[in-house]
Amino acid sequence: MANVKPRVKVPKTASKGEIITLKTLISHEMESGQRKDKEGKPIPRQILHTFTCAFNGQDVFSCDMEPSISANPYLEFDAKVEESGTFVFTWLDDDGSTYTAESKVAVS
Amino acid sequence: MTVTRRQILAFGAATAAVTLVGIPVSKVLAAAPEMDAKIKEFTGGATPGEGKLTLTAPEIAENGNTVPISVSVDSPMTAEDHVVAVMVLAEGNPSPGVATFHFTPLSGKAEASTRIRLAKTQNVVAVARMSDGSVYMAASEVKVTIGGCGG
Amino acid sequence: MTKSRVNPVRGVGHMGRTIVSKNEIKWGLSVSLFGVGLLSVGLLSVGLSIAPAQADPVDDTLVIDGKEMITRTAAPEGHPFKEVLSGWLFRTEETRALEADSFQNPAMLGVDEGAEIWETVEGTAGKSCASCHGDAAESMAGIGAHYPKWDPETKRPVNMELKINQCREKNMGAEAYKFDAREQKALTSFIKYQSLGDPMSIDLSQGDMRAWWDKGKELYYTRTGQLNLACGSCHEASMGKMIRADHLSQGQVNGFPTYRLKQQGLVSLHNRLRGCIRDTRAEMPKAFSDDLMAIEVYVTWRGTGLSMETPAVRH
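Residues numbered from 1 in each chain as written. Chains lettered and ligands numbered in written order. Predicted model: local features only at pLDDT ≥ 70, side-chain atom pairs only at ≥ 80, totals over all residues. Heavy atoms only, no water.

Q: Could you give an account of the overall build of chain A, with specific residues and numbers?
A: The helix and strand tally for chain A stands at zero helices and eight strands. Taken from N to C terminus, the helices and strands of chain A fall in the order β-β-β-β-β-β-β-β. In terms of principal-axis extent, the alpha carbons of chain A reach across some 60 × 20 × 20 Å. Looking at the 108 residues of chain A, the share that counts as buried comes to 50%. Considering only contacts within chain A whose residues lie at least 6 apart along the sequence, 60% involve residues at least 24 apart. Put simply, chain A shows about 4900 Å² of open surface, and 47% of that area lies on carbon and sulfur atoms. Here chain A contributes 13 positive and 16 negative side-chain charges, whose respective centroids are spaced 6 Å apart. (Helix = DSSP H or I, 4+ residues; strand = E, 2+ residues; numbered from the N terminus. Buried < 20%, exposed > 50% of the residue type's maximum accessible area, 1.4 Å probe, protein only. Contact = heavy atoms within 4.5 Å. Areas by Shrake-Rupley, 256 points an atom, 1.4 Å probe, with all protein chains shown as cover. Lys, Arg positive; Asp, Glu negative; His and termini not counted. Charge placed at Lys NZ, Arg CZ, Asp CG, Glu CD.)

Q: Which residues make up the sheet that holds strand E10 (residues 265-267) of chain C, and what are the values?
A: Sheet strands associate in pairs through backbone hydrogen bonding, adopting either a parallel or an antiparallel arrangement. Residues and elements named next belong to chain C. Strand order across the open sheet formed by three strands is E10-E9-E11, with mixed pairing between neighbours. If you trace the sheet from one side to the other, it starts and ends with E10 and strand E11 (313-314), each paired once. Pairing of strand E9 (residues 258-260) with E11 involves two bridges; the strand directions are parallel. Paired with Arg260 across the two strands is Arg314, which belongs to E11. (Pairing = 2+ DSSP bridges.)

Q: Which residues make up the interface of chain B and chain A, and what are the values?
A: On the chain A side, the residues contacting the 26 residues of chain B number 28 residues. Buried area between chain B and chain A, both sides added, is near 2200 Å², and the carbon and sulfur share of it is 47%. A per-residue breakdown of the area chain B buries against chain A is headed by B:Leu106, B:Arg115 and B:Arg117, which together make up 33% of the total. Applying the counting rule to chain B against chain A returns 20 residue pairs in polar contact (both at pLDDT 80 or more). (Buried area = accessible area lost by both parts, 1.4 Å probe. Polar contact = N/O pair within 3.5 Å; in protein donor to acceptor, adjacent residues only side chain to side chain.)

Q: Pulling in residues and values, what's your account of the nonpolar core?
A: Of all hydrophobic cores here, the largest spans 57 residues; its most connected members are A:Phe51, A:Phe87, A:Phe89, B:Val86 and B:Phe101. Contact partners of B:Val86, with chain neighbours within four places excluded, come to B:Phe42, B:Leu53, B:Val71, B:Val73, B:Ala99, B:Thr100, B:Phe101, B:Phe103, B:Ala126, B:Val127 and B:Ala128. In terms of nonpolar packing, the next biggest core, distinct from the first, is built from 45 residues, C:Met108, C:Ala181, C:Ala287 and C:Ala294 among them. (Core = buried A, V, L, I, M, F, W, Y, C linked by side-chain atoms within 4.5 Å.)

Q: If you had to explain the environment of C:Arg272 to someone new, which residues and values would you point to?
A: With respect to the helices and strands, C:Arg272 occurs in helix H13 (residues 269-279). If we ignore the near neighbours within four places in the chain, the residues touching C:Arg272 are C:Phe256, C:Arg260, C:Val267, C:Arg278 and C:Asp279.

Q: Before we move on, can you summarise H13(C) with the specific residues and values?
A: All names here are of chain C. A large share of H13 lies buried, amounting to eight of its 11 residues. Along H13, the positions that sit buried rather than exposed are Leu269, His270, Arg272, Leu273, Gly275, Ile277, Arg278 and Asp279. For H13, the elements touching its buried residues are E9, E10 and helix H14 (290-302). Phi for Arg281, located one or two positions after H13, is positive at around 60°.

Q: Lay out the sheet that holds strand E3 (residues 67-73) of chain B in plain terms, naming residues and giving numbers.
A: Pairing is antiparallel in the open sheet, where six strands are placed in the order E1(A)-E3(A)-E6(A)-E6(B)-E3(B)-E1(B). Bordering the open sheet on either side are strand E1 (6-9) of chain A together with strand E1 (53-56) of chain B, each of which pairs with just one other strand. Averaged over all pairs of adjacent strands, the angle between their axes in this sheet comes to 15°, without regard to strand direction. Sheet topology note: the strand E6 (residues 74-81) of chain A/strand E6 (residues 110-116) of chain B ladder contains two bridges and is antiparallel. Its bridge partner being in E6(B), A:Glu76 is matched across the sheet by B:Ser113. (Axes fitted to C-alpha atoms, helices over the stretch in contact; angles between N-to-C directions.)

Q: Explain the pattern of salt bridges residue by residue, including any values.
A: Residue and element names in this part refer to chain C. Under the criterion given, the structure shown has 21 salt bridges over all chains. The partner of Asp290 in a salt bridge is Arg156, with the nearest N and O atoms 3.0 Å apart. One end of the pair, Asp290, is in helix H14; the other, Arg156, is in strand E6 (residues 156-158), and 134 residues separate them in sequence. (Salt bridge = Lys/Arg side-chain N within 4 Å of Asp/Glu carboxyl O.)

Q: Account for the packing of helix H6 (residues 108-119) of chain C against helix H10 (residues 182-193) of chain C, naming residues and giving values.
A: Axis angle and axis distance: for two packed helices, these are the angle between their axes and the distance between the axes, and together they describe the pair. Residue and element names in this part refer to chain C. Relative to each other, H6 and H10 sit at 95°, their axes nearing to 7 Å. Classed by the angle they form, the pair H6 and H10 counts as roughly perpendicular. Here Met108, Gly110, Val111, Glu113, Gly114, Ala115, Ile117 and Trp118 of H6 lie close against H10, whose contacting residues are Arg182, Glu183, Ala186, Leu187, Ser189, Phe190, Ile191 and Tyr193. A class-by-class count of the residues in the contact of H6 with H10 yields 10 nonpolar, three polar and three charged. (Parallel < 35°, antiparallel > 145°, perpendicular 65-115°, else oblique. Nonpolar A, V, L, I, M, F, W, Y, C, P; charged D, E, K, R; others polar.)

Q: Lay out empty space enclosed by the protein with the relevant residues and their values.
A: Residues and elements named next belong to chain C. Taken as a whole and judged by the stated rule, the model has seven cavities of 30 Å³ or more. Quantified by volume, the second largest cavity comes out at close to 80 Å³. Taken together, 13 residues line the second largest cavity, and the ones lying closest to its centre are Tyr147, Lys192, Met200, Val253 and Thr300. Across the lining of the second largest cavity, the residue classes break down as eight nonpolar, three polar and two charged. Among the domains, domain 1 (22-100 + 199-314) and domain 2 (108-193) are the pair contributing at least three residues each to the lining of the second largest cavity. (1 Å grid on protein atoms, 1.4 Å probe; cavity = no way out; pocket = protein on both sides within 12 Å on 5 of 7 lines; lining within 4 Å. Points joined across faces, edges and corners; volume = space filled by probe spheres on them. Domains from an automatic or database assignment.)

This is how it looks when you write it as structure tokens:
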């Protein structure tokens, strides 16, 4: 799907053991499969069905998404950081595409 | 009997009054068999308790296309005792599944927010499954309004 | 009360739907059913419109990225209201929160896309916007708060969309964007976003701007369509009241292009003006036509002093 762009918001710094809030937003129609086009034919479903967030390779949070998630999906959740590292955010599309974003946090 | 506009208004008001009353979980389940089946699959048949899980949703959504919701579960989020997942359902949508949030001890908190589509005024339901297998449930009614002259 | 007895009412609800373009319907739920099912809710809210608590704009402060927005200010001389009010004050707590957090605001995806377009070379001259205008944060700061402007060459007012198109054709050798092209909405939002918080004002002393303002004013109060409504019928005479389940604002334009929850995307001003006119069941003037440009000049003036909120979030 064209024009799919993720945005993520992660604090740049945190103290050891701190719980930080992460926010993600991604441009996607989330075509529900329930709509019809001008000729009355059903528009096939095409959504982002899975989101995952890992920190230094370990699972932090994930979400299974259904067509009832609004267009341009927004997800907000938390992570407890014990060390500096990189968050990797991944979205999986029905069409097989994968979208990723990364963000580093320095923990002191 | 002829129905006047005034009577329809009165009927609307009466309906609103009824739906303002709180929603017992058992009633929610009885009303939506497809949702009930999804919940059973998620909980493994465990009977959901009430409490611990908070579902935040607007009482009135300005537009059903984008309704902000959050879930929050009271849990220490340790390896021994944490929330595994929270499933969100919308009983009045074409398909009741909305999202399932999966947590780990690295989540730190069992809280998540997103924005969902609601086809009409209905109950939004959340079910949390803990690492010890216990489950909790919460429901909230969201009124979905139709817009102005354009609908 | 039998179902069949209610049918005539359903019929009315259905008629209301027939004029809505299919493009409007973002989700494929049967919207007509939706309309019928919620008709009682709609009527109910009409009933509620007499309750002032339901109708007054809220007393709240909009702060975006630490910048306080002017959402309420004294109206310019000759204005029918004492105070001009941003549409933000008429929305629910949840919708207001969406705009207040520039990360949560889904329209920022469009602003990001506009920032990329700004840097993208297009057309025969081998230029991007940035080739001439450099860093938009500097060169475009405050610019978007003062459109439409008089254009001496075409002897018409130009809005941001038309200005971008002029620049693309004349300076870049690129094609003008078609009305409501995704890129047009993104770039317009990006440029206007550089004026976030700046009070909106337009210069009516240039060229024939005053005459366009007069024409816009006349159109604003001209009743049109099968419903026989003027802009002023809703946004002036009924401001603050409910129209079915919707809250009528002053119809301010300081947040356009704006993210509408209904469309789940950025909506341009002329798209919204056309939508409003369609809802009166009138023929819609073309985007950027003399009529809509005159209305844009006039309604922009009606919001003089309000902060630019582009990209705002509305229902």
